[in-house]
Every structure is written in structure tokens, then in C-alpha cells.
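Single-letter residue listing:
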Amino acid sequence: MYGVTRDHEWITREGIRRNIRQFFLDHPPENNPSIYLPTDASLTQLFHVYYGDTASPTRFIKAVNSIAMANVKTDSSHQYRASTLLQGSSAWTIPKPTQAAKPGYYNRYDPAIHSDGEQLDAVQQKLLDRYSKISASVIDEAYPAVRSLLGTSLHSIQKFYAHSTWIEQGNTGILEGLGIPGNTFDGMLAEATEDVCTSCPSSQGYCSGNVISGAGLSSGYYTYPSELGASQLVPKPTTGGKCSHGGLLDVSSYDEAKGGVNKDTTSPCFSPHHNLHADAAEAAVQATDYYLKHIERVIGVIKYRILFDLYQGTSLSISIDTTGSMGDDIEAVKDQVARIVANTVTEVYILSQFNDPGCGPVYKTSDPDEFLDAINALYPNGGGDGPELFWCGLQKALSETPDYGDVFCFTDAEAKDGELMDGVISLAQRQNNKVTVILSDILTKNQEKQEERKGEGRDLITGIDGYQRLVDATGGLLISAEKFDIDEIANIIGSSVENATVSYGVCSEVIQVSRLDVIMTTRYPLRLGEPRGRPVTQEKSLAQPGIEPGSLGFVVTILQQETSADLSVEVPIDDSVFDCELRISGQTNTAFFTDPTGKSYDLMDRIGLNAESGVEVITHTDTLKAVRWLSPSAGMWVLTTTLADPTHSITLQATSTLDFLNDFAVLDPSPPHPHYRPIEGQPLMRVVLREVDYPFGAKDQAYIRTDPLPDQPFYIRVVGFLGSGNRWMRYSGVEVWPVETGVDLYATSEELSAHPGESATANFLVTNYGIESYFTITGIDDLYFLKFMVPNRVFLSNNESVEVEAQFFVPLDATHGQVSTAIVTARSELQTQNVNSAIAHFIVLSSVVDLSLPTCTLTNTPDCTGYLTNGVCSGLNWTANAIFRDSGSGLYSVHSEPEPLSLTTTGLTPGTTSDVTADFVHSCCSPQAVLRGVDGMGNAGECNVNMGILGGVIENFHVDTAEATYLVLKWNITPSDIPIDHYDLNTDSTVIHQSLCKELECIELVNYLEQCSVHEFVLTPYFDDGGVDEVAGTPAFTQGSTLDGGDPQTPTDGLAVDATANTITVSWQPPNLVCAYTYEVCHYEVNTDPGLAICDTTTITSHTLRELEECKAYFIDVATTNSNGLTSSPLNFYSVTHCTEIIP
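Residues numbered from 1 in each chain as written. Predicted model: local features only at pLDDT ≥ 70, side-chain atom pairs only at ≥ 80, totals over all residues. Heavy atoms only, no water.

## Description of the overall build of the protein chain
Across its full length, the protein chain carries 17 helices and 56 strands. Of the contacts formed within the protein chain by residues at least 6 apart in sequence, a portion of 73% connects residues at least 24 apart. Surface accessibility of the protein chain: about 44700 Å² in total, with carbon and sulfur atoms responsible for 50%. (Helix = DSSP H or I, 4+ residues; strand = E, 2+ residues; numbered from the N terminus. Contact = heavy atoms within 4.5 Å. Areas by Shrake-Rupley, 256 points an atom, 1.4 Å probe, with all protein chains shown as cover.)

This is the structure in C-alpha cells:
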């Protein structure tokens, strides 16, 4: 390897990082219009600077990951095979099913996706086709579908720079029209008979200068043995002048012209032009950023924020049974929901209703008054036979609920549509939706009927067991009562909605993630008591825990316990926790929660808890207790319970600055592009993860190879230490269900779309890795486009696969842009816990071919004369009146950049081909604007307003020079008709002095500062408009740090935070919290020669000493080295390893 290889995941995340940074700068928060964002800030850091240290980036990071993973999946085979490590070999292989998949169309082999074989025109066409689907999905606000399509398009855009000859032609910029409507390769591409390459000295290895100067744009031919991809690979012409892809996997590299041009990696074994990899990767990052900017321009700022989950509110989602027996309960829900809405801040409201025989409609709004109107319109009717369409109602609610939103289901009956259960649960897990089910007494009476039906085959009716499985899988609650105690339940709902928006505390520095654990759960498997297949233990894979050390102000899970025995467990509450809430579901005889000082709280004593300062009782019933501690002490708490019920569940959630995300992945080494393939659905039983040492500081993301998965449901737990030395622990919050069935989507986006009145088919692959069995195949979608699954029942032996076909039909009254979420589920009839699902998005296309832009006509001339200077511009607004029209696919949206103060439209209905009048109001502080109308195909027509540049605006305010005791500030100011009088410079909220600079570029020295100290600067311009007082303009902000100019100080507070028989983990405090240091950590056994000490270096304030002897005492020395290379005297302390055997 020659340098670092940048894969698609890194390129995508880096492109998004740059894009979001600029997006934040272009649309600063109201309270910080001159926001300062470091150019190298991470995704999490950008989020925190923009939204505040106590805002949670978890949803944002998951949205980014969704796009990145869709990108990576483009390289994946549509057949999922668990990777197997062969004995005696270090190579990973993909086992073949006994029924081979059919040759056909596969993304991973398609040269029109990967820019291979001179198929660049086809690359552009596919990008444009997918662009129309992205636009359609935005119309329906189906953002999961948008992210999936966007990831695939970004893959093709990025591949262009690694596989084509664009870089070799000497281009230093990007091809801006790639993937954007209205652009082609006309005149750029090499002719079919044109020579582009000459032979390299060798067919393999490094090659340079083999691309003919002045030749047309081309890409390499890539051929390799593949039965599945044979029909898609383009054979290399025999003329001797065409380029190959090149590398060990490319057979064509041995044909004239020998060698190749790919820049995929920094290894000459795989990439002949490996020396150009960094250039290709940088171009791919810039192209990613550019394409995202275009998407933003077309969909507008508001929808772009939603695309990346850049909003701070949460959702309130309710699915309610409206049958006749629910009359009293519906009235109670109406009353309490009104209270919840009045006392919480919610981004979106969802109401789904179910009945028998009907299900739906689902209602979604951001207006609380409209939501209350919908709630108040509910009335009981129908029913009569007991079981209702519970799973259908929940499916519709989930289809509209954003990621990480909670869903609350109200019912008093069993569910009669149990065939939907597995797919609906899979959807909830995929979206990280916690589902809480609230039951009333009628259900318990129906259990006798359910018992009578047992033994009659697979019954479609599900009761408490199904609801329990749902809440276990999603981390919700199962609440039952004689009749709804709605006051108590409303507290739980309100708490969930409120906590997701509360922001507290700043995270202590995460110094170590010490371990990943799998915590088994036994209640669900033991209760069902169903047979399992023989576990296969030789297969291994990879887990991908995306450690997000700054997940701030979000509800995190510290303890997740399901038990049928009395419990005593230690619970670490760390420095990042602002408040915590303990929930115990099930009847309990005794329950105590003891803090680090020994103070014990009796959880059975509601009166006593209410009397405690800093303790809030949320709900307290026989079957559910929820208690919140507002400022819990950091340290080790202890929870002890004795049970009255045979099983109960315990959850401790906290508002914290620390969280993690996790996914599973397998290594796919097969051509054309080996990579880590993310697993969708449940992972296979023998694929990953028990307990794993993670000897690193907290990272943004890591892949960890681990032991095989257990054969039971489990939770993932992450354990580590903060800079304070306090232990922290987090659970994934939802169960992982290892299975022995794989369900994978074969279909491409072309197959998962159709016009109104058309049908379409999409293939899925079902593979059985367990015991032979019949499998039931079900398919559902929320808009009822999915009509049949063929076959719907099939017998599969071990390691056997079958293709199943989903048949869709789009009705004539379907509208362009509708997106239906389809779920295909395969369940073993012998092992009903052996079930897996695949999720796909089906898109309704426009019946109109539309390549034309909407028209925009301004009917007035905006005027800001006299108000085009900073400080006075806010005194006047300008108005633009525009008429938009689209005669093709019709107009769907109107917006402007920047966002207007107000926008009023007349005649704008989705898809209209009539005139639409739009009145925009902007401040004169925004004298330039673009007014856009967007049609159904994503074509944007524009009117431009340009009244000149706003004068007197401070630009590029930054620290130009930093030393130990002073900083040099530098800035520019735009020309202004009103002269500058002076600047007020505030340092750390104190006015230091005035700057009298009158130039367009200014420099200011700020001295007498402490070394290694952080300082914030606010620069306010004042203008002389001829009046008595100067006029203050909009301030600019920046920050900077002084350097460490003296001798470094010794670290402090050294201590051992953890120890085993062979390891000791130590931490310490830096001599200064701002300066960056390197630490030398040495250890040697007590009573031995210090000269034999073993030393390591680290840049974090913790370290794990390894390969120690058990039951031994060790001296530990920690010294600081600063940026000047000077080293401090060491900090000395000692610790002892654990003894596995006590010697008398």
C-alpha cells in the first residue's frame, strides 16, 4: 500500500461532512449569524457547534449512515452469503446455495453503474433515471427511499473518477453535469474505434503514462469469471487500443493494451494507477458535495434538513383501536392527548386507526391543532368478533413515523392479522422505533379463546405473546390494566415525547471503550419453547459498531434487563448523565435503587419517593413503575428486586451526552469490488459477537471481528471509561434476534417502480441456513400495491435458496411520487423464531416524459435603495412577485434561496400545469435571491433577484497566527456606501478595545493571554451614517487557542479505573485541558529494576497495560510531552492485578 485507501463509505461521509458544514454556514442559526465552523470538524462536531453542545446528533448520523450504506450495497451481490473462514486458509469465501441464482441484472456487475467498459453515456442515463425517482420520493416525503436512491447515485458518481480517464486527462476539477438533468457527454467521449491506451510494461502492477494524450474520455474494460454477471460484462475490443480496468481480478488486463487505469486503491496489485488514487478520491468527494448541493437547490432548505434529520423535535405517533368496545378508552385518550400536546414540543404528529374489517386511514401533520381535530373526530364503531387488525394499524403508523420516534398503540383485543407481525416488527427495528402497547382487561378474557386455538396449525391471531415480542424487540413497554388508567399512561407518553427533546449536560471526554458485550435474554425463547436448528459454529463475520462519542441530549439505555429471577445488579451512572428514568414492568414484591453514597430509594413507596428532592414519580401502578432522578450522582448505583410475576423487564434510560450506533456487516471478497457488506434484517445465528476487547479511544466508526453469535435474542452493551475515571455503560435498547434465514432484495430501483395502471415484479432471495423446513412467504405494503408472492410457501433444505417473486400493480388513480414501503418475510414453519425480512420502497412514476424546466416570470422589480449596508438593511423588506408554470409533469413546489421571511402561493396544487403565483418577502439584508419552481421530474425553473452585494459585511474572520500569549485576528469587509467608523472587539464577553481599521482587509493583535487557553471573539462593525450615534452592524464570531510555550507540567490524578488478572486500565488528568499532549506511559513490577520498564505512548488520557502477571503490584509513570518536544517529570502511582486464586 502506498498511502491510505479511501473507500466509498469514507468518500460519502467526507462529501456529506463538507456539504453539511457549508449548509450550516449558508443557513446559520438565528442566534449566531456568523457561526464559526472549523474546516476539519467531524460530523458530530459540526452538529454540536450548530445546534449546541447538548443537542443529539444520533438521528443525523443514522441518516448519513443510511446514505453511505446504500452506496456500499451497490457493490454487493444480491445474494447474501455468510462469510466463512476456511480452515487452513486466510481467505474469505461465499458459500453457494444448492439452487443457483439465475443470471440476470445485478447492480454489482453493471458497467453502467460502475463506469466500466466505456459505458459512460449509459452511466449518465441511469443517473438521470434515478434522479427522477429521487424527485418523486421527495414529493411523497419518503426520505428512507430518497436516502437509498441517493446512495446508489453517489456510488456511480464516485466510481466515475476512479474508473474513467478523467484524472489522467489532467482535469483538476469535477464534471459538474454528471447525474444532473440537461447535461450529456456530447463531444467528450472517445469514439468506438479510437485508441485511448497503450500497453503497460507489465499486465500487473504499477503503470503510468499509458493513457494517450488528447484522446477522448474513456473508462477501462473489466472482465472476470462470473456466471451471474456474464450477460452484463462488456468484452474488451480486440483493436489493442482500449484501456482495461486492471489489477489482479481483471482478466482483460492481459489483453492489448495491457495493464489498466483504475484508481480504486493505493495498492499497485489492484490499481495500476494507484498513485492517482488520492486525486480520484478528492474529486469524488468534491463531486459528492456538488451533487448534494444540487439536490438541496431543487428540494429546498426545509426538505433538505429533513433528508438529513437536521431537526430537534420528536414525534408523537398513536395507533388506536376504534371498535365499539373502545368507547370509554377513546374518550380518555382524547382528553390526555390534548394535555400532552399542550405541554410538549413535537415536530410531527401521526394518528393511525384500526378496526375490523377496516384499517386506516393514517393522518400526519406538523400542526398540533390539526392533530387534535383528528383525535377528537375518532369514534367507536364496528368490531364484534374480538380480534382486530392491530398489525395493519401499526404498519401504517410506522410508515409515517420518523426514525427514533416512539409509537403508542391502544387496544383491548387480540390481533387477527398475525401474518403481518414479523414484517412489521422488522420495520420498527429498522427505523429504531420503540413501540409501547397499552392493553385493557378485555384482552385477558380473550386469552382463553387463544388457548383453545392452540394446536390448530399456525394461527393468524396473536395476543399477549405477540405484543410482548413486539415490545421486547423494539425496547418499548407492554402496559396492561383492568381498564386504561389513562392519567398514568399519559405520563409515560408525555415523558417519552418530552425526553427526546430535552437537552442537558456536556459530555466528559470519552477516553476508552473497553468492551463490547452480548447480553442474552431468555424470557422470549423460553416462553415459546420452540425447537431450534443445530448451531453452526465455524462461520465468522464482522460487527460494525459506529461509536458516536458525542450523542448529546438524547435518551440512551443504560440498563436493559429481562429476568425471571430476583435481581441485584450494579448500574454505573456516568458524568454525561443529566437525568435518568427507571422503569419496571411487571408485579414486584420489593425494589430498591441505591446511590453511590449508600442512600436507598424504596421503589414500592410512592409517597416516600414523592417526598424526595430531585425524584419525580412518573407513574406508579401494580404492573408499571417509572421514576426519574433529576440529577443523579455519578458513580455505581445498585438495583435490587424480588419478583411477584414469573417475568418482568427493567429499563434504565438517561438523558446523556454519550450514545452509540451499531450495525452488522460481512466481508464480501468476490469481484468486482471486495468490501464490507452491511447486513439488513436480522443477522445470522453464527455471524458475530459475544464479548470483545476494544482497546481504542472512542472512534467515529470501527469494524470489529468477533466470535459467533449466540442462538438466543440478545442486547449489545458497550462499556468504557470517561476522562474522570468513571465507568460508563450503554445498551443497544432493542433486541437482536439471530436467525438461520436470509431474505435479500434482488430487485433494482427500475423494477421497484411503475406508472399508474402498470404492473411490476421484483425478486427476493430466501435462503435457509437451518434445518429443512417449509417456509411461509408473506409480502405486505402500506399502499396495497403488492398483490401476490410466488411462491408463498416453499420447502427448503439446509443451505438451499429460492427466488420468490413479488407482483405489484399500481392503480390508475395512484399519483406521481407515491412511495409504498414493502416488507417481504420468510418464516420457518418448524422454527417460528427463525424468521427474517427484507424492506423495499416501491415508487409511482410520472406518466409524462418531461425534460423541460418550469418557467418563472417576475412581475415586479424589487428595490432596496438606501438599505444595502450592514446595520441599516434590516429596516426594509423587499417583495418579489413571480409566476411559475410547467406544462409537462406539473409544478410541485416553490421555494427560494435564501429562505424568505414569508411565501404566499396561489394555485399551487401538486402536479398543476396552470399558472402559480408566488409572493416572496425578503429582508434587504438578503439583496440576492433565487426563486425556484420545481416540477415532478425534479426540473427547476428559476428567477434571479440581484440588487448587488450587501456592503459592510465582515467575511473570513479568523485567527491568522497563534502563539503562547497572543493571537492575531484577520478579517475582510465588503465595500459599503456608508463608511466604517470602528469595530468593537469582545474577547471572552469582555470589550478589549476598539479597532479603527478603515481598510477592506484588517489585522488585529490580541495579547496578554494565558498559554493553552481557548478564547472566543465577537467583532461588531459600527458605521457612520451621519447621525448622532454610529449604526451597529451584524457581528462576526470566531475562536482560537494559544499554544503551549513553556515547559510542560506533570499530569495529575493518576488512578487505576479497571483491572483484571492480566490488565490494568489507568487514567489521569492532563496538565491543561486545552493543549494537545503526547503521554509516555511506563510500567514495571514493584521491587524490580525501573530500567526494565515497558513504555507506550498515547494521545488520550487513559491506557490499558496488557500481558501483566496476575496478583502482582506495578509502578506506573506517566509523563507529558508538548508540541515543542519537551517532556515533564512523571506522575507516579501504582496498582495491582487481580488474583484468580486466593492464597492463604
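What follows continues from the structure just given.
## What to know about the pairing of strand β34 (residues 835–844)
Counting buried positions along β34 gives nine out of ten residues, so the element sits mostly inside the fold. Where strand β27 (residues 753–754) lies against β34, two bridges are found, and the strand directions are parallel. What sits directly across from Ala754, in β34, is Val844. In terms of strand pairing, strand β33 (residues 819–828) meets β34 through nine bridges, oriented antiparallel. Each bridged residue has a counterpart across the sheet, and for Ile823 the counterpart in β34 is Ile839. (Buried < 20%, exposed > 50% of the residue type's maximum accessible area, 1.4 Å probe, protein only. Pairing = 2+ DSSP bridges.)

## Quick look at the packing of helix α11 (residues 390–400) against helix α14 (residues 464–474)
Orientation of α11 relative to α14, taken along the N-to-C sense of each, is 20°, at an axis distance of 12 Å. Judged by the angle between their axes, α11 and α14 are roughly parallel. α11 and α14 meet at a crossing whose hand is right-handed. Contacts between α11 and α14 involve Phe390, Trp391 and Leu394 from the former and Gly466, Tyr467 and Leu470 from the latter. The residue inventory of the contact of α11 with α14, partitioned by class, reads five nonpolar, one polar and no charged. (Axes fitted to C-alpha atoms, helices over the stretch in contact; angles between N-to-C directions. Parallel < 35°, antiparallel > 145°, perpendicular 65-115°, else oblique. Left-handed = near helix turned anticlockwise from the far one by under 90°. Nonpolar A, V, L, I, M, F, W, Y, C, P; charged D, E, K, R; others polar.)

## Quick notes on a negative patch on the surface
Taken together, the side chains of Asp1024, Asp1025, Asp1029 and Glu1030 present a region of like negative charge at the surface. Topologically, Asp1029 is positioned in the loop between β47 (1014–1023) and β48 (1031–1032). (Patch = residues over 30% accessible without salt bridge, like charges linked within 9 Å, V, L, I, M, F, W, Y side chains within 5 Å. Salt bridge = Lys/Arg side-chain N within 4 Å of Asp/Glu carboxyl O. Lys, Arg positive; Asp, Glu negative; His and termini not counted. Charge placed at Lys NZ, Arg CZ, Asp CG, Glu CD.)

## As for the state of the cysteines
Applying the stated criterion to the full structure yields nine disulfides. Between the sulfur atoms of Cys359 and its disulfide mate Cys392 the distance is 2.1 Å. Judged by the sign of its S-S torsion, about -100°, the cystine formed by Cys359 and Cys392 is left-handed. One end of the pair, Cys359, is in strand β5 (residues 359–365); the other, Cys392, is in helix α11, and 33 residues separate them in sequence. Among the residues examined, Cys359 registers a relative accessible area of 18% and is labelled buried. (Disulfide = S-S within 2.5 Å.)

## Some thoughts on the sheet that holds strand β12 (residues 567–573)
Adjacent strands of a sheet pair through backbone hydrogen bonds, lying either parallel or antiparallel. One open sheet holds the four strands; their spatial order is β12-β18-β14-β15, and the pairing between them is antiparallel. Only two strands of the sheet have a single neighbouring strand rather than two, namely β12 and β15 (600–602). For this sheet the average axis-to-axis angle between neighbouring strands, irrespective of direction, equals 20°. Of the pairings in the sheet, the one linking strand β14 (residues 588–594) to strand β18 (residues 635–643) comprises six bridges and is antiparallel in character. Considered in β18, the bridge of Ala591 is made with Thr641.

## Re the environment of Tyr143
Mapping Tyr143 onto the fold places it in helix α6 (residues 143–163). Sequence separation between Tyr143 and Phe308 is 165 residues, and the spatial gap between their C-alpha atoms is 8.8 Å. The contact partners of Tyr143, leaving out residues within four places of it in the chain, are Lys303, Ile306 and Leu307.

## Structural notes on the pattern of salt bridges
In this structure the tally under the stated criterion is 24 salt bridges. With a closest N to O distance of 2.8 Å, Lys263 and Glu168 form a salt bridge. Placement of the pair is Lys263 in the loop between α6 and α7 (277–299) and Glu168 in the loop between α6 and α7, with a sequence separation of 95 residues. The partner of Lys1112 in a salt bridge is Glu1085, with the nearest N and O atoms 3.7 Å apart. Separated by 27 residues along the polypeptide, Lys1112 in the loop between β54 (1102–1105) and β55 (1113–1121) and Glu1085 in strand β52 (residues 1078–1085) bring together distant segments of the chain. Residue class for Glu1085 comes out partly exposed when judged on its relative accessible area of 23%.

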